[in-house]
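Spelled out from the first residue to the last, the chains are:
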Amino acid sequence: MSPPVAPPGWSRWLVPPAALSVHLSIGQAYAWSVFKPPLESALGLSGTQSALPFQLGIVMLGLSAAFGGTLVERKGPRWAMTVALVCFSSGFLLSALGASLEQYWLIVFGYGFVGGIGLGIGYISPVSTLIKWFPDRPGMATGIAIMGFGGGALIASPWSAQMLESFGGDSSGIALAFLVHGLSYAVFMLLGVLLVRVPRHAPGAPGTARQASTGPQVSARQAIRTPQFWLLWIVLCMNVTAGIGILEKAAPMITDFFADTSTPVSVTAAAGFVALLSAANMAGRIGWSSTSDLIGRKNIYRVYLGAGALMYALIALFGDSSKPLFVLCALVILSFYGGGFATVPAYLKDLFGTYQVGAIHGRLLTAWSTAGVLGPLIVNWIADRQEEAGRHGASLYGLSFVIMIGLLVVGVVANELVRPVDPRHHVPAPKEAAHAERQQSESA
């Protein structure tokens, strides 16, 4: 299934909305913490167990993006968006069946494994297309689309909380909420499938890809042999681990932090906090990635990692004594988290060129898979152990926050070591031009 080539005069600004329809849908993953308390209550799960569908979903996101990246480049964004629609919606339908039957393994398989494949293919589906449409502003272009993934929970969090309140927090209520999600997202993602277009490869045409890009061009196979790829892998992994550690447990975390104060956080307010984090995640993806077009990718990652460590330190030291401080620091961390995702395709483009940037991006997202396990595992496992030891409130999270600070420092060091790619890894210009012509003929 090849996407139709854009006709003459077709506006490139129609591509970001197509990408947004997919990313806003799969961004529901960031609202998973709303389902954690009812699942734990209905099925008798621990915090670590209830995080498993989300963790597996992020693992499958990275793996499917890595293994499917080259296929997505070859078959085009419409094929990728269709696969994402089928897998993501099917994951919810399987989860609905699992909740109805009280078979937790089916929720893990549906939401985590099947839905996770939809996450990965859907996430990378528009990246290379957007960069080809916007060679002049790659950070802004990918930021617009990828902000949808960060903003998905802004819609899904209050929507899910309202459904659970209306349907009930027992297994049948959870099942019905999953069913509504699966059907609704299928319809919304279909809009992107129908709207997406690829640019004509006319040299010099405004708003379209050039037949052979200038600057360094590196193939996906060659890119993973460079130190730059693995340094960026570490940078992304550390930044994601720090953000996802808060995001996955956001609702119960803010409740725990202020449970012993005179102003405890209600379930509704906790869901609102998740929505605020989603807004920060979304704003960071467009705001920080656009800023990177002005100050450079390495500089913006210095902000993400260095200031992120400072925010974690403030929460660890003073978070339980000031609700505004806790919320503000968490919002900043999540804006850096989102910004890191939106900026990394442009960072890859700067280092490796546009030749196979989508496939390289897919391989780099294995860092997200690792972080998707590491972040929730650190926070949930330590919180569970601290609770078993008789601790409560903010003391459940102190050690995990110190670990996050250390990981962010590791990311700072890796970012400082990034240098331009050695010319011996570059693809010869004639080969790149032949590849562009082949892609054009396949898309036509």
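In every chain, residue numbers begin from 1 and rise along the written sequence. Per-residue local features of the predicted model are confined to residues with pLDDT of at least 70, and side-chain atom pairs are confined, for both listing and counting, to 80 or more; whole-chain, interface and lining totals are unaffected and use all residues. Hydrogens are left out, water is left out, and the side-chain values use all remaining heavy atoms of the structure.

**Notes on the overall build of the protein**
If you tally the helices and strands in the protein, you get 19 helices and zero strands. Taking 444 residues into account, the globule formula puts the C-alpha radius of gyration at 22 Å, and the protein, at 21 Å, falls close to it. By its C-alpha atoms, the protein is 65 × 45 × 30 Å across when sized along the principal axes. The burial tally for the protein puts 58% of its 444 residues in the buried class. Pairs at least 24 residues apart make up 85% of the contacts formed inside the protein by residues separated by at least 6 positions. The secondary structure listing takes helices from DSSP runs of H or I that are at least 4 residues long and strands from runs of E that are at least 2 residues long, numbered from the N terminus. The size measure is the radius of gyration over C-alpha atoms, and the globule rule it meets is 2.2 Å times the number of residues to the 0.38 power. With a 1.4 Å probe rolled over the protein chains alone, any residue whose accessible area is under 20% of its type maximum counts as buried; one over 50% counts as exposed, and the rest are partly exposed. Whether two residues are in contact is decided by their heavy atoms, any of which lying within 4.5 Å being enough.

**Concerning the packing of aromatic side chains**
Each Phe, Tyr or Trp ring, with Trp reduced to its six-membered ring, pairs with another whose centre is within 6.5 Å; inter-plane angles below 30 degrees give stacked pairs, above 60 give edge-to-face pairs, and intermediate values give tilted ones. The tally for this structure, following the rule as stated, stands at 34 aromatic pairs. Judged by centre distance (5.5 Å) and plane angle (35°), the rings of Tyr301 and Tyr347 are tilted. With Tyr301 in helix α14 (residues 297-318) and Tyr347 in helix α15 (residues 323-352), the pair connects residues that are 46 residues apart, well separated along the chain. By relative accessible area, Tyr301 is classed as buried at 1%. For Tyr347, a relative accessible area of 4% translates into the label buried. Ring centres of Tyr337 and Phe341 lie 5.0 Å apart, and the angle between their planes is 85°; on these two criteria the pair is classed as edge-to-face. Separated by four residues within a single helix, Tyr337 and Phe341 lie in helix α15, roughly one turn from each other. The same class applies to Tyr337 and to Phe341, which are both buried. Taken together, the ring pairs connect Trp32, Phe35, Phe88, Phe92, Tyr111, Trp159, Phe178 and Tyr185 into an aromatic cluster. In this scheme, the term charge over a ring applies when either NZ of a lysine or CZ of an arginine sits within 6 Å of the ring centre and within 35 degrees of the ring normal. Sitting over the face of the ring of Phe258, Lys323 holds its NZ or CZ atom 5.4 Å from the ring centroid.

**Concerning the environment of Met60**
The residue Met60 is located in helix α4 (residues 52-75) in this model. In this structure the C-alpha to C-alpha distance between Met60 and Gly115, which are 55 residues apart in sequence, comes to 8.4 Å. Setting aside chain neighbours within four positions, we find Met60 in contact with Ala65, Gly112, Phe113, Gly116 and Ile117.

**Some details on the environment of Gly390**
Counting through the fold element by element, Gly390 comes out in the loop between α17 (366-388) and α18 (398-416). Here Gly390 falls in the exposed class, since its relative accessible area comes to 54%. Here the alpha-carbon distance between Gly390 and Ala223, two residues 167 residues apart in the chain, equals 49 Å.

**Let's talk about the pattern of salt bridges**
In the sections that follow, a salt bridge refers to a side-chain nitrogen of Lys or Arg positioned within 4 Å of a carboxyl oxygen of Asp or Glu. By the definition in use, this model includes eight salt bridges. When the shortest N-O distance is used, the salt bridge between Arg137 and Asp136 registers 3.8 Å. Taking the shortest distance from any N to any O, the salt bridge between Arg385 and Glu388 comes out at 2.8 Å. Taken as a pair, Arg385 and Glu388 lie in helix α17 at a separation of three residues, close to a single helical turn. For Arg385, a relative accessible area of 30% translates into the label partly exposed. By relative accessible area, Glu388 is classed as exposed at 60%. A cluster of three or more residues bridged by salt bridges with shared partners is formed by Arg12, Asp136 and Arg137.

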